[in-house]
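An overview of the molecular structure
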Amino acid sequence: MKVQRIQAIENLIHEKGSVSLDDLCEQFNVSKNTVRRDIAKLLQKTPSKGLRWCRFCL
C-alpha cells in the first residue's frame, strides 16, 4: 500500500504540477507526517526534483 501511495503521489505531482499537503492527506486518508515521509522517499529516489518537491511540502 505504501509503495502504491508513493507512486500515486508522484503521479499527481507530475500531472497537476503542484498538490497541497492537505489535499494529499484527504485523498489518501493519511496524516501530514505520513505524506511528508512519502515525499522524503520520493526525494531519495529523484533528488534532482528536490527543490520543486520541497516547495510542495512546506
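Residues numbered from 1 in each chain as written. Predicted model: local features only at pLDDT ≥ 70, side-chain atom pairs only at ≥ 80, totals over all residues. Heavy atoms only, no water.

**Considerations on the environment of Lys41**
What counts, and what does not: Each helix is a run of H or I in the DSSP string that is no shorter than four residues. Each strand is a run of E no shorter than two, and both are numbered from the N terminus. Whether two residues are in contact is decided by their heavy atoms, any of which lying within 4.5 Å being enough.
Within the element layout of this structure, Lys41 appears in helix 3 (residues 32–45). Between the C-alpha atoms of Lys41 and Val3, which are 38 residues apart in sequence, the distance is 9.7 Å. Excluding residues that lie within four positions of it along the chain, Lys41 makes contacts with Lys2 and Ile6.

**Observations regarding the packing of helix 2 (residues 21–28) against helix 3**
Defined as follows: Only the stretch in contact is used when fitting a helix axis, every axis being a line fitted to C-alpha atoms; angles between N-to-C directions are given from 0 to 180 degrees. Note that the term roughly parallel is reserved for angles under 35 degrees, roughly antiparallel for angles over 145, roughly perpendicular for angles of 65 to 115, and oblique for everything else. Polar here means any residue outside two lists: the nonpolar Ala, Val, Leu, Ile, Met, Phe, Trp, Tyr, Cys and Pro, and the charged Asp, Glu, Lys and Arg; Gly therefore counts as polar.
At a minimum axis distance of 9 Å, the contact between helix 2 and helix 3 shows a crossing angle of 105°. One way to sum up the angle between helix 2 and helix 3 is to call them roughly perpendicular. Taking contact as the criterion, the partners of Leu21, Asp22, Leu24 and Cys25 in helix 2 are, on helix 3, Lys32, Val35 and Arg36. Residues that form the contact of helix 2 with helix 3 fall into these classes: 4 nonpolar, no polar and 3 charged.

**Considering unusual backbone geometry**
Basically, it comes down to this: The buried label goes to any residue with under 20% of its type's maximum accessible area, the exposed label to any with over 50%, and the partly exposed label to all in between, with areas taken from a 1.4 Å probe on protein chains only.
Phi is positive for Asn29, close to 55°, though the residue is something other than glycine. Secondary-structure assignment places Asn29 in the loop between helix 2 and helix 3. We classify Asn29 as exposed; its relative accessible area is 71%.

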